[in-house]
Each structure stands twice: as C-alpha cells, then as structure tokens.
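# Tertiary structure, described
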Amino acid sequence: MTPIGDLSALDGRRIAIVGYGNHGRSHALNLRDSGIGNIVIGLRAGSPSMETAKADGFEAVTVAKAAARADIVSILAADEAHASIWADDIAPNRPRGQALIFCHGYSIRYGLVEPSEDADVILAAAKGPGGAVRTEYEKGGGLIGYWAVHQNPSGEAEAIAKAYLEGIGSGRVGIFETSFEEEAVSDLFGEQAVLVGGMVALAKASFERLTAAGVSPRMAYIDCVHELKYLADLIQARGIEGMYEAISDTAEFGARLTEPNLAKAVGPEFECLLSNIRSGDFARDWNAEHAAGAPRMAQWREAGRAEPVETAGRELRSRLKKRT
Ligand SMILES: NC(=O)c1ccc[n+]([C@@H]2O[C@H](COP(=O)([O-])OP(=O)(O)OC[C@H]3O[C@@H](n4cnc5c(N)ncnc54)[C@H](OP(=O)(O)O)[C@@H]3O)[C@@H](O)[C@H]2O)c1
C-alpha cells in the first residue's frame, strides 16, 4: 500500500467538514485514517446525516458551530447550498484567518461564495464520485487530486491544499495543479457532454431506436446500457486505443466508422454547452431552479423512473443470479 505523504501543513489545525454526503463522509473518514485528528462535522439542523456521522465516531454539530471553532473549513455540501451556507452559517461565525477548501471550482467561479480577504481559498478536488474517494482509499489508492489557490493571505494555501489531498488519498495516485476557472468549466462540461448527459442521452436514444425496431427491451438494455461499465473500465485502465485493442475487430471497425459522424452531430450542441457554462448562464439557470424548489428536477426524476429503459433495467437486474 502506497504510504500517505506529508501532512504537516495540517498539524494542529482543527478541520470542519461541512456536509456528510458522498464526499464529506469519505473525506472525513480518509483524513482520520491518515492520522488527522480534530475533525468536526458541520450539518444543517435536522440533517439525516447527523446519526451517520456520529455512528462513524465523529462529533457532529451545526454548520455555524463547526465554523466557529475550525482553522480550516472544507465545504462539501451540495453546490446549490453553498451561497446560503456561506452567508448564514460560516461568514458570521468564522474566526479571522480561517481557510476555506472547496472540492469543485463552481462556487468561486460563479460568485456564489465571495470570501473575505483574510481567508485562504483553496481548491482540493478529488476527481470523481465521492463514494469512490473512500473505496479507492480503502483499497490502498485514491482518486486523482487537483489543487488551486484563489486567495493566499497566509502564504500557506498551496501547502494546505497538497496536505489535504494527501490526507484523502489522492497523493497515492497523483496530484496536479489547476485553477478554479479551469476545474469549474472542465468539470461541468465533462459531466454534461460525456460522463452523465452525453452517456445517458446516447444510451437512451439507442435503446429507444432498437426497441422501436423490434428488439426486445432486455436485449437492447444489455447492449446499450448494461455493458457500458465494461468499456468504461477498459478505457480507465488502458486508454481509448487500449480499449480498442481489447474488443473484437468487428466492434472496433464499426465504432471507427461511426465515431466521426457522431462527433460531427454533437459538435453544435457541445458549442452551446461550453458557451452556457463559460458565460455563467448554466449556473444562473441552476441557481434559479434551486431557488424555486427544483420543480423541473422533480418532473424529470418522476418521468425518468417511468421510462421503458428503466423498466427494462429493473427487469434485467431482477433476473440476474449475481449482480454484475
Ligand atoms: N471535483 C469533483 O470531481 C467532484 C465530484 C463530485 C462532487 N464534487 C463536489 O463535492 C461537493 C459535495 O458533493 P457530494 O457528491 O458529496 O454531494 P452529496 O452526496 O449530495 O452530499 C451533499 C451534502 O450537502 C449537504 N447539504 C445540502 N444542502 C445543505 C444545506 N442547505 N446546508 C447544509 N448542508 C447541506 C447534505 O446534507 P444532508 O446530509 O443533511 O442531506 C449532504 O450531506 C460539491 O461541491 C460537489 O461539486 C466534486
């Protein structure tokens, strides 16, 4: 197991982890297992995560109380809540000189949080889903880490960022420098164009096309959705050309014919996505949606659960002897 690197920049500092969801829980557990004591969890009043944090052996208090006594606050609550968490709970209670850590450039890039000048403002992003921050750490690894510094009045922001990333396991695989701007734009574009939006759009559209042509929903689901993981694993381990080497020549030939046409078809949509992200239109839309109680999200979720592709997935999973 690769050892954890230099954590000395965190020595003697009290760390508040705000939010105990996928990233918050994983960061807190990894930091503690790496030898960082003095962690307190900050949660909203009535949070369902209060019991989980306590069962994990942490002290869990309100965000305001956690912020009042921490030298470093790592904001790992949902992005859409950052503005109110900062304004209502952290800013009025934080001691001068308290450092702020974010796991995504979003809140600073789009002005949801405007920290005072005395705060080190740090990006320490483990790149990937929060649950994987913990599972990879437990396997002796971590997720790739990116750091950036937005404000550095103490002169220690870079050292804190790197030590924090070491503590959550990223130092075992690789830590790289970025900027809040680059990380925010790249992360949003990647998830909208490929990892979430693009992948789901292609999977659903291909499932619908095949079933409309008479293919059974179960077969269409296996070929267009279920098998995605195997290809994603190959790309992560070996790169795109390595994935091509690992699949049949028939599959590779068809894919190489299709690649340029699909790329051309999505080009204008990608331009639109990037433009909306860079201009801040996407962030404004999401802020407004959240402020209105997320009505479109509720509709999309309800409609999504009722789609034939979901029915096919549930049916397939219920018939599998062993989940794969
Ligand atoms: N860099 C990357 O690749 C990457 C990847 C994924 C996520 N992230 C970032 O990591 C952060 C956390 O994401 P996540 O996936 O861990 O989210 P998550 O699993 O949805 O957890 C969100 C947490 O935020 C808390 N929360 C929501 N509204 C709140 C409020 N008004 N006041 C206080 N707490 C509130 C929730 O509290 P309850 O427990 O009370 O519900 C929950 O503990 C975000 O900034 C996200 O952008 C970065």
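Our subject is the structure listed above.
No experiment lies behind these values; they were computed from the predicted model shown.

### Some details on the nonpolar core
- Counting 60 residues, the largest nonpolar core has I17, I41, I90 and F102 as its most contacted members.
- Leave out the neighbours within four places in its chain, and F102 touches I75, H82, S107, I108, V113, V121, I122, L123, A124, A125 and F180.
- Core analysis: the next-biggest nonpolar cluster, separate from the first, contains nine residues, A203, A220, C224 and L316 among them.

### Overview of the sheet that holds strand β3 (residues 59–62)
- With mixed pairing, the eight strands of this open sheet are ordered in space as β3-β2-β1-β4-β5-β6-β7-β8. Edge positions in the sheet fall to β3 and β8 (175–177), since each has one partner strand and no second. With strand direction ignored, the average angle separating the axes of adjacent strands in the sheet is 25°.
- Sheet topology note: the strand β4 (residues 72–75)/strand β5 (residues 99–102) ladder contains four bridges and is parallel. Bridge assignment links I72 to a residue of β5, and that residue is A99.

### What about the packing of aromatic side chains?
- For the structure shown, the criterion picks out five aromatic pairs.
- For the ring pair Y146 and F176, a centre distance of 5.7 Å and an interplane angle of 40° mean the geometry is tilted. In this pair, Y146 sits in strand β7 (residues 145–151) while F176 sits in strand β8, placing the two residues 30 residues apart along the sequence.
- Assessed through its relative accessible area of 42%, F176 is described here as partly exposed.
- When the ring centre of F58 is taken as reference, the NZ or CZ atom of R32 above it lies at 4.1 Å.
- In this arrangement the basic side chain of R172 is found over the ring face of Y137, its NZ or CZ atom lying 4.5 Å from the centre.

### Details of the site of the ligand
- What surrounds the ligand is a group of 24 residues, the closest being N22, H23, S47, S49 and D79.
- Within the backbone of N22, an N or O atom sits 2.8 Å from an oxygen atom of the ligand.
- In this structure, an oxygen atom belonging to the ligand sits 2.9 Å away from a side-chain N or O atom of R44.
- If the ligand stood free it would expose 930 Å²; the protein chains cover 79% of that surface.
- At the level of elements, α1 (22–33), α4 (82–90), β6 (121–126) and α8 (180–195) are the ones that each hand at least two residues to the shell around the ligand.
- Residue composition of the shell around the ligand, by class: ten nonpolar, nine polar and five charged.

Quick notes on the rules
- Residues numbered from 1 in each chain as written.
- Predicted model: local features only at pLDDT ≥ 70, side-chain atom pairs only at ≥ 80, totals over all residues.
- Heavy atoms only, no water.
- Core = buried A, V, L, I, M, F, W, Y, C linked by side-chain atoms within 4.5 Å.
- Buried < 20%, exposed > 50% of the residue type's maximum accessible area, 1.4 Å probe, protein only.
- Contact = heavy atoms within 4.5 Å.
- Pairing = 2+ DSSP bridges.
- Helix = DSSP H or I, 4+ residues; strand = E, 2+ residues; numbered from the N terminus.
- Axes fitted to C-alpha atoms, helices over the stretch in contact; angles between N-to-C directions.
- Phe/Tyr/Trp six-rings, centres within 6.5 Å; stacked < 30°, edge-to-face > 60°.
- Lys NZ or Arg CZ within 6 Å of the ring centre and 35° of its normal.
- Near = heavy atom within 4 Å.
- Polar contact = N/O pair within 3.5 Å; in protein donor to acceptor, adjacent residues only side chain to side chain.
- Areas by Shrake-Rupley, 256 points an atom, 1.4 Å probe, with all protein chains shown as cover.
- Nonpolar A, V, L, I, M, F, W, Y, C, P; charged D, E, K, R; others polar.

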